[in-house]
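Listed here are the chains, written in short residue letters.
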Amino acid sequence: QVQLVESGGGLVQAGGSLRLSCAASGSIFRFNTMGWYRQPPGKQRELVATITSGGTKNYADSVNGRFTVSRENAENTVYLQMNNLKPEDTAIYYCTLRVFTNTLYWGQGTQVTVSS
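Residues numbered from 1 in each chain as written. Predicted model: local features only at pLDDT ≥ 70, side-chain atom pairs only at ≥ 80, totals over all residues. Heavy atoms only, no water.

Peer 1: A description of the overall build of the chain should follow, citing residues and the corresponding values.
Peer 2: Along the backbone of the chain there are zero helices and 11 strands. For the chain, whose C-alpha radius of gyration is 13 Å, the value lies close to the compact-globule estimate of 13 Å for 116 residues. The principal-axis extent of the C-alpha atoms belonging to the chain is close to 40 × 25 × 20 Å. Taking all 116 residues of the chain together, the buried fraction comes to 41%. Within the chain, counting contacts between residues at least 6 apart in sequence, those at least 24 apart form 51% of the total. Accessible area of the chain: about 6200 Å², with a carbon and sulfur share of 46%. For the chain, the distance from the average position of its 10 positive side-chain charges to the average position of its 7 negative side-chain charges is 3 Å. (Helix = DSSP H or I, 4+ residues; strand = E, 2+ residues; numbered from the N terminus. Rg over C-alpha atoms; globule rule 2.2 N^0.38 Å. Buried < 20%, exposed > 50% of the residue type's maximum accessible area, 1.4 Å probe, protein only. Contact = heavy atoms within 4.5 Å. Areas by Shrake-Rupley, 256 points an atom, 1.4 Å probe, with all protein chains shown as cover. Lys, Arg positive; Asp, Glu negative; His and termini not counted. Charge placed at Lys NZ, Arg CZ, Asp CG, Glu CD.)

Peer 1: Summarise the packing of aromatic side chains; cite the residues concerned and give the values.
Peer 2: Aromatic ring pairs: the centre-centre distance and the angle between the two ring planes describe each pair. All told, the structure shown has three aromatic pairs when counted by the stated rule. When the centroid spacing of 5.0 Å and the interplanar angle of 50 degrees are considered together, the rings of Tyr37 and Trp106 count as tilted. Of this pair, Tyr37 sits in strand β4 (residues 33–39) while Trp106 is found in strand β10 (residues 104–106), placing the two residues 69 residues apart along the sequence. Their ring planes at 85 degrees and their centres at 6.1 Å tell us that Tyr94 and Trp106 sit as a pair that is edge-to-face. Of this pair, Tyr94 sits in strand β9 (residues 91–98) while Trp106 sits in strand β10, placing them 12 residues apart in sequence. When its relative accessible area of 32% is taken as the criterion, Trp106 is described as partly exposed. Three or more aromatic residues joined by ring pairs make a cluster, and in this case those are Tyr37, Tyr94 and Trp106. (Phe/Tyr/Trp six-rings, centres within 6.5 Å; stacked < 30°, edge-to-face > 60°.)

Peer 1: Go over the nonpolar core with me, naming the residues and quoting the values.
Peer 2: If you look at the biggest cluster of nonpolar residues, it comprises 26 residues, and the most contacted ones within it are Trp36, Leu80, Met82 and Tyr93. Non-local contacts of Leu80, meaning those with residues more than four positions away in its chain, are made with Leu18, Arg19, Leu20, Trp36, Val48, Ala49, Phe67, Thr68, Val69 and Tyr93. (Core = buried A, V, L, I, M, F, W, Y, C linked by side-chain atoms within 4.5 Å.)

Peer 1: I'd love a proper account of the state of the cysteines, names of residues and values included.
Peer 2: Applying the stated criterion across every chain, the model contains one disulfide. Disulfide partner of Cys22: Cys95, at an S-S distance of 2.0 Å. A torsion of -85 degrees about the S-S bond marks the disulfide between Cys22 and Cys95 as left-handed. On the criterion of sequence distance, the pair formed by Cys22 in strand β3 (residues 18–25) and Cys95 in strand β9 is long-range, its members being 73 residues apart. Residue Cys22 is classed as buried on the basis of its relative accessible area of 0%. Classification of Cys95 as buried rests on a relative accessible area of 0%. (Disulfide = S-S within 2.5 Å.)

Peer 1: Break down the side chain of Thr110 for me, with residues and values.
Peer 2: Inspection of the secondary structure puts Thr110 in strand β11 (residues 110–115). Separated by 3.4 Å, the side chain of Thr110 and the backbone nitrogen of Gly9 make a polar contact. Not counting the four nearest positions on each side in its chain, Thr110 is found in contact with Glu6, Gly9, Leu20, Ala91, Ile92 and Tyr93. (Polar contact = N/O pair within 3.5 Å; in protein donor to acceptor, adjacent residues only side chain to side chain.)

Peer 1: If you had to explain the environment of Pro40 to someone new, which residues and values would you point to?
Peer 2: Position of Pro40 among the secondary structure elements: in the loop between β4 and β5 (46–52). Residue Pro40 is classed as buried on the basis of its relative accessible area of 10%. It is 25 Å that separates the C-alpha atoms of Pro40 and Asn102, two residues lying 62 residues apart in sequence. Sequence-distant contacts of Pro40, defined by excluding residues within four places in its chain, comprise Glu46, Thr90 and Ala91.

Any link to function would need more than the numbers given here.
Right, dumping it as structure tokens:
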């Protein structure tokens, strides 16, 4: 009964910025990992960034230095600040939540389009 709702996607020119938000509700365990995947058109889904309840962050090499993941634990909300966006960042971005059972929950996705 976990629900993840993303917001903040849209259209932006190359070099611009967007901030994605994801709010989790339902049976949220105290210790968890939240993060973001993305799926470019016609390509495989790929991991973008993760952040644990303790604040440990990991990034894909393709976004490291440009994207920043953060969270508000009391609100079970995760953010993805995306700077210096490139056309290859165009994708559907999905919020995720992983709990101690290793179950991975997914949001509905939000479209990010970067024009050249």
